[in-house]
Amino acid sequence: MKILAIETSCDETAVALLDINGALEKPDIKVLGNTLLSQVALHAQYGGVYPNLAKREHEKNLPILLEQTLREAQLSEAELRTVDCIAVTNGPGLEPALWVGINFAEKLGKSWHKPVVPVNHMEGHLVSVLFRDENAKIKNQNEKLELPALGLLVSGGHTELVHIKDFGNYEIIGRTRDDAVGEAFDKTARMLGLPYPGGPEISRLAEKVRKRSANDKIKLPRPMIHSKNLDFSFSGLKTAVLYRLKTEKGLNDKFKADMARAFEDAAVEVLIEKTRKALFELGDKIKTLIVAGGVSANAHLSQELEKLMGKFSNIVLRIPTKLLTTDNAIMIGIAAFIKIKKTPETLKEKTPIIASGNLSFTS
Ligand code: KG4
Ligand code: ZN
């Protein structure tokens, strides 16, 4: 099945053309074309994503990326006609940005006479682990994805624990009550005067300090770590950083690095503890732990997840290849493939697609 996928939910414009076939648990995914333009540098001056600027950039970038993707795929006119559908993210995300992708996809669908399939961005992150990257050593990537699974979604907008009962059948069993963990990384970085996005920068500094000393010089709280539920809270952690900064005269590099490490230790410890609790509560039925979204690229989180897996020997850990941790169109194409296989009527749906900033992916 050939799927042209479009992603514009935040600050990355992405288009991919996939030829995807086979079993849902281990699909054969051929990337015929894949292009992405990041607006990160543009938004950096605002310390976060500025929705109207994102909208304008997506409008400018989409036609260019479509052309590049098709050129990369080298499809003849006749082959282009064999594309089965167009997939587009319809939420969650920034609505002005989502609308650009949806309008573009609908227009293309009309001119190519192809159906347009709406895709939930977070479902895209979860299924990104199905992509096998032959050029990278990704643990367990050649295995069939066994369900039920637990998903830990960690991105700039979300922090969720998801019980994946089957493809398309999800239950959110824990979520952040305030900031997402990626957002906390970004805000902490900003307070320390580090560039946006803050996650990679905090991680780089923290790794350096961790190599030098075994313990944190600065002690930060672990919000909600002992709460009975599976929810998270990261805004208190960010406030604790702010208060500690107020007591410091001038921020030297050493202090910044110690703070980056203290923050990362605290955030990761909470993520690990809640994941452990969720795995324990769901019991033997869980076969796989999927960790996805931008923050899944974090090296310290991966190391701690590996340690956690030592306590759950029957559960297989799946993390996407680095290229697919942050927003991309390949994951949107994979999610569309799964949706079509599970509910083929999707291709016949005639109701217009609506952008939904808070789209939930549980039914
Ligand atoms: O999934 P994503 O690209 O976009 C959303 O859907 O939100 O995630 C972006 C988030 C940003 O907050 C960024 O700081 C964070 O992922 N991030 C990281 C790392 N790389 C990206 N956080 C911690 N460590 C990293 N290595
Ligand atoms: Zn995302």
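Cut-offs and rules
Residues numbered from 1 in each chain as written. Chains lettered and ligands numbered in written order. Predicted model: local features only at pLDDT ≥ 70, side-chain atom pairs only at ≥ 80, totals over all residues. Heavy atoms only, no water. Helix = DSSP H or I, 4+ residues; strand = E, 2+ residues; numbered from the N terminus. Expected span 1.5 Å × (residues − 1). Buried < 20%, exposed > 50% of the residue type's maximum accessible area, 1.4 Å probe, protein only. Arc of directions from axis to C-beta. Contact = heavy atoms within 4.5 Å. Axes fitted to C-alpha atoms, helices over the stretch in contact; angles between N-to-C directions. Left-handed = near helix turned anticlockwise from the far one by under 90°. Nonpolar A, V, L, I, M, F, W, Y, C, P; charged D, E, K, R; others polar. Salt bridge = Lys/Arg side-chain N within 4 Å of Asp/Glu carboxyl O. Domains from an automatic or database assignment. Buried area = accessible area lost by both parts, 1.4 Å probe. Polar contact = N/O pair within 3.5 Å; in protein donor to acceptor, adjacent residues only side chain to side chain.

## Structural notes on helix H8 (residues 235-246)
Then, in step 1: Between the first and last C-alpha of H8 there are 17 Å, a value that for twelve residues agrees with the 16 Å anticipated at 1.5 Å per step.
Then, in step 2: Buried within H8 are the following residues: Leu-237, Lys-238, Ala-240, Val-241 and Leu-245. Down the axis of H8, the buried set is contained in an arc of 155°. They therefore lie on one face. Counted as exposed and oriented over 90 degrees from the buried face of H8: Tyr-243 and Lys-246.
Then, in step 3: Elements in contact with the buried residues of H8: helix H6 (181-191) and helix H9 (253-282).

## What to know about the packing of helix H2 (residues 51-73) against helix H4 (residues 95-112)
Then, in step 1: Where H2 meets H4, the closest approach of the two axes is 8 Å, and the angle between their N-to-C directions is 35°. Our pair here, H2 against H4, has a crossing hand that is right-handed. Contacts between H2 and H4 involve Pro-51, Lys-55, His-58, Glu-59, Leu-62, Pro-63, Leu-66 and Leu-70 from the first element and Pro-96, Ala-97, Val-100, Gly-101, Phe-104, Leu-108 and Trp-112 from the second.
Then, in step 2: A class-by-class count of the residues in the contact of H2 with H4 yields eleven nonpolar, two polar and two charged.

## Details of the pattern of salt bridges
Then, in step 1: Within the structure shown, the criterion is met by 23 salt bridges.
Then, in step 2: When the shortest N-O distance is used, the salt bridge between Asp-265 and Arg-210 registers 2.9 Å. Of this pair, Asp-265 sits in helix H9 while Arg-210 sits in helix H7 (residues 198-212), and the two are 55 residues apart along the sequence.
Then, in step 3: Ionic pairing is found between Lys-254 and Asp-258, a salt bridge with its closest N-O pair at 3.1 Å. With Lys-254 and Asp-258 both in helix H9 and four residues apart, the pair spans about one turn of that helix.
Then, in step 4: Relative accessible area serves as the criterion here: at 7%, Asp-258 is assigned to the buried category.
Then, in step 5: Salt bridges here are not isolated pairs; linked through shared partners, they connect Glu-207, Arg-210, Asp-216, Arg-261, Glu-264 and Asp-265.

## So, the domain arrangement of the protein chain
Then, in step 1: Considered domain by domain, the protein chain is made up of domain 1 (2-136 + 324-348) and domain 2 (149-319).
Then, in step 2: Each of domain 1 and domain 2 was reduced to a C-alpha centroid, and the two centroids are 27 Å apart.
Then, in step 3: Counting each side, the surface lost to burial between domain 1 and domain 2 is near 1,700 Å², with a carbon and sulfur contribution of 72%.
Then, in step 4: Considering only the surface of domain 1 that becomes buried against domain 2, Met-122, Leu-126 and Val-129 emerge as the three largest contributors, covering 36% of it.
Then, in step 5: In this structure, the salt-bridge partner of Lys-342 is Asp-166, at a minimum N-O distance of 3.0 Å.
Then, in step 6: The interface formed by domain 1 and domain 2 holds four residue pairs in polar contact (both at pLDDT 80 or more) in total.
Then, in step 7: Those elements giving two or more residues to the side of domain 1 that touches domain 2 turn out to be helix H1 (40-44), helix H5 (121-127) and helix H11 (330-342).
Then, in step 8: Tallying contributions element by element places H5 first for the side of domain 1 that touches domain 2, with four residues.

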